[in-house]
Amino acid sequence: MTETSTNPTGAVHPTDATRQADAVHPVGSVQPTDAVRRADATCQGTLAGDAQLIGAAVAAAGRGMIDRETVAEVVTLCAVAGEHLLVVGAPGTAKSEAVRRVAGQLGGRYFEYLLGRFTEPNELFGPVDLRLLREGRVEFETAGMLPEADIAFLDEVFLGSTAVLNTLLGLLNERVFRRGRTVLASPLRVCVGAANHLPDDPGLAAFADRFLARVFVEPVADARLEELLEAGRRPVAAPASPGDLLGAVDRLAAAARECDLDEVTPLLGSALRRLRGAGVPLSDRRAVRSQKLVAAAAVLDGRTTASARDLWVLPLIAPTADTQALARDTLADLIEKAANRSLVHAAEELSRSTAARAELLARTGTALLAEHRGLPAGRDSRLRLEAALREIDAGFDPADLPSALAGIRAELVAAVTPS
């Protein structure tokens, strides 16, 4: 990078700092200046800070929800990637609650709607502006409607009429709302569609394909029903800081668009060939767009260069629950070191790697220790700390325990040891 100054006529001349640098390092040699190094360090610091901020927000969104943290984290991943998410699961499995909580943490304008066969386009996109209609102009009032939303959730998304889905398709593809004479650039970061099951109608296949990432949810397992009941008794906490975090999301999204994918491209190509060879149907569009999820995972981990650590996102692009499980098994050796510091639950669930497991247990242990210090000592608190210790010891041999997790384990031991 060469520092320059521009004179009033537009001619570009080297600055004194550049002349001094060129005297030490001749033109043509690649030698970053101190200013470039400082700029790079500042950029990395800002990226890591934004990733940490968003990671804390999504962790707060998932707190109190049982087995829905992955949904909350994948919503955030898609918002940074600029892609859309489909959540498939039975009614009453907290699909909308997970999205609502993420939106509450990130801020911005949120739009939610339940679609049906008789839903009119005006219910989503806004009514005709009657004042302009009297003048012979067909334009729409979009204030507070989907075209002006930052985050949107559409329940029973496949039940929409042809008119609704066709307009929605253009909005999802281009982030531009076009209807009548109204043409509006939409600020939509992510649209989350929800359904009880995938559509059987082949006519909906093209629309469904616009949702790159998919998460399949099941009712909470019987072993965790007590946790579910306890969580259901607690009031939902308001966001700790109601400030708008969309600026951090946008900075991470910009970093993802510039993310260096050269190192990971051969691995990504190999992974996609394996998935197709194993019978996972992937269109060329989904294969190309998978790179956006990989880049988003990298920047949410605080890096500007993607690596094998970020390939845990690939099962998300498989179209069904069965093919997602197949994808995870097929890519087991490629994603064995995958992890993410901001999206610990999603990375662990989709990769089942020891690195991701360590990140998740460290996060869980840290949260438990913080909560324990704020509560009076008692049997319930002790049992939860002991359960976390057992989980660490069951998953890792003491000789292979990562240093960060070893420190958390030592704190847990101290907390449960009688004084």
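What comes next is a walk through the structure. Predicted, not measured: the structure shown is a model, and the values here were computed from it. (Residues numbered from 1 in each chain as written. Predicted model: local features only at pLDDT ≥ 70, side-chain atom pairs only at ≥ 80, totals over all residues. Heavy atoms only, no water.)

## Comments concerning the overall build of the chain
1) Next: Tallying secondary structure elements over the chain gives 17 helices and nine strands in all.
2) Next: Counting across all 419 residues of the chain, residues that qualify as buried make up 45%.
3) Next: Looking at the chain alone, contacts between residues at least 24 apart form 72% of all its contacts between residues at least 6 apart.
4) Next: For the chain, the computed accessible surface area is about 20,900 Å², with 55% contributed by carbon and sulfur atoms. (Helix = DSSP H or I, 4+ residues; strand = E, 2+ residues; numbered from the N terminus. Buried < 20%, exposed > 50% of the residue type's maximum accessible area, 1.4 Å probe, protein only. Contact = heavy atoms within 4.5 Å. Areas by Shrake-Rupley, 256 points an atom, 1.4 Å probe, with all protein chains shown as cover.)

## Topic: the pattern of salt bridges
1) Next: For the coordinates displayed, the defined rule picks out 27 salt bridges.
2) Next: Several salt bridges share partner residues, and in doing so they unite Asp301, Arg303, Arg309, Asp310, Arg341 and Glu359 into one network. (Salt bridge = Lys/Arg side-chain N within 4 Å of Asp/Glu carboxyl O.)

## Details of the packing of aromatic side chains
Within a pair of aromatic rings, the relevant descriptors are the distance that separates the centres and the angle that separates the planes.
1) Next: One pass over the structure, following the stated rule, counts four aromatic pairs.
2) Next: Look at phenylalanine 125 and phenylalanine 177: their rings are 5.5 Å apart centre to centre, the planes differ by 20°, and that puts the pair in the stacked class. In this pair, phenylalanine 125 sits in helix 5 (residues 121–125) while phenylalanine 177 sits in strand 6 (residues 176–179), placing the two residues 52 residues apart along the sequence. Here phenylalanine 125 and phenylalanine 177 have matching classes, each one buried.
3) Next: Seen in terms of ring centroids, phenylalanine 207 and phenylalanine 211 are 5.6 Å apart; in terms of plane orientation they differ by 80°. Their pairing is edge-to-face. Take phenylalanine 207 and phenylalanine 211: they sit in the same class, and that class is buried.
4) Next: A connected cluster of aromatic rings, assembled from ring pairs, spans Phe158, Phe207 and Phe211. (Phe/Tyr/Trp six-rings, centres within 6.5 Å; stacked < 30°, edge-to-face > 60°.)

## With respect to the side chain of arginine 68
1) Next: Residue position: arginine 68 is located in the loop between helix 2 (34–62) and helix 3 (69–81).
2) Next: Dropping the residues within four chain positions of it, arginine 68 is found in contact with Thr93, Ala94, Ala98, Val217, Glu218, Pro219 and Val220.

## Digging into the nonpolar core
Proteins that are soluble and globular tend to have nonpolar side chains buried together.
1) Next: Formed by 76 residues in total, the largest nonpolar core has its most connected members in Leu77, Leu85, Leu293 and Trp312.
2) Next: Sequence-distant contacts of tryptophan 312, that is, excluding residues within four places in its chain, are made with Leu77, Ala297, Ile335, Ala338, Ala339, Asn340, Leu343, Ala346, Ala347, Leu350 and Ser351.
3) Next: Membership of the second largest hydrophobic core comes to 26 residues, among which are Phe125, Leu172, Leu204 and Phe211. (Core = buried A, V, L, I, M, F, W, Y, C linked by side-chain atoms within 4.5 Å.)

## So, empty space enclosed by the protein
1) Next: Applying the stated criterion across every chain, the model contains two cavities of 30 Å³ or more.
2) Next: Taken as a whole, the second largest cavity spans an internal volume of roughly 30 Å³.
3) Next: The wall of the second largest cavity is formed by Val58, Ala59, Gly62, Glu69, Ala72, Glu73 and His345.
4) Next: Secondary-structure elements contributing two or more residues to the lining of the second largest cavity are helix 2 and helix 3.
5) Next: In the lining of the second largest cavity, the residues fall into three nonpolar, two polar and two charged. (1 Å grid on protein atoms, 1.4 Å probe; cavity = no way out; pocket = protein on both sides within 12 Å on 5 of 7 lines; lining within 4 Å. Points joined across faces, edges and corners; volume = space filled by probe spheres on them. Nonpolar A, V, L, I, M, F, W, Y, C, P; charged D, E, K, R; others polar.)

## With respect to the environment of leucine 383
1) Next: In this fold, leucine 383 is placed in helix 16 (residues 379–395).
2) Next: Sequence-wise, leucine 383 and valine 416 are 33 residues apart; in three dimensions their C-alpha atoms are separated by 8.7 Å.

## Digging into helix 14 (residues 344–351)
1) Next: When you tally the buried positions in helix 14, you get six out of eight residues, the bulk of the element.
2) Next: Val344, Ala346, Ala347, Glu348, Leu350 and Ser351 are the residues of helix 14 that are buried.
3) Next: After helix 14 finishes, the residue arginine 352 shows a positive phi value of roughly 55°.

## Focus on unusual backbone geometry
1) Next: Positioned with a positive phi, aspartate 67 is a non-glycine residue whose angle comes to about 65°.
2) Next: Relative to the helices and strands, aspartate 67 resides in the loop between helix 2 and helix 3.
3) Next: For aspartate 67, a relative accessible area of 37% corresponds to the partly exposed category.
4) Next: The backbone of arginine 352 sits at a positive phi, close to 55°, despite the residue not being glycine.

## Some remarks on the environment of glutamine 52
1) Next: Position of glutamine 52 among the secondary structure elements: in helix 2.
2) Next: Measuring from C-alpha to C-alpha, the distance between glutamine 52 and leucine 300 comes to 7.8 Å, with 248 residues separating the pair along the chain.

## A short note on the sheet that holds strand 8 (residues 190–195)
1) Next: The strand order 4-5-8-3-9 describes an open sheet built from five strands, whose pairing is parallel. Two strands close off the open sheet at either side, each with one partner strand: strand 4 (110–114) and strand 9 (213–217). Recorded for the sheet is a direction-independent mean angle of 15° between the axes of neighbouring strands.
2) Next: Pairing analysis gives five bridges linking strand 4 to strand 5 (residues 151–155), with the strands arranged parallel. Within strand 5, the position partnered with tyrosine 110 by the bridge is isoleucine 151. (Pairing = 2+ DSSP bridges. Axes fitted to C-alpha atoms, helices over the stretch in contact; angles between N-to-C directions.)

## Thoughts on the packing of helix 14 against helix 15 (residues 354–373)
1) Next: Look at helix 14 against helix 15: their axes get within 8 Å of each other, and the N-to-C directions meet at 145°. The element helix 14 and its partner helix 15 pack so that their crossing is left-handed. In this structure, helix 14 uses Val344, His345, Ala347, Glu348 and Ser351 to contact helix 15, whose residues at the interface are Ala356, Arg357, Glu359, Leu360 and Arg363.
2) Next: A per-class count over the contact of helix 14 with helix 15 returns four nonpolar, two polar and four charged. (Left-handed = near helix turned anticlockwise from the far one by under 90°.)

## Some remarks on the layout of surface pockets
1) Next: The space that makes up the largest pocket amounts to roughly 1,600 Å³.
2) Next: Lining of the largest pocket is provided by 36 residues; of these, Glu69, Arg224, Glu227, Thr364 and Arg384 occupy positions nearest its centre.
3) Next: Secondary structure elements with two or more residues in the lining of the largest pocket: helix 2, helix 3, helix 9 (225–233), helix 14, helix 15 and helix 16.
4) Next: Considered class by class, the residues forming the lining of the largest pocket number 14 nonpolar, seven polar and 15 charged.

No statement about biological role is implied by the geometric values presented.
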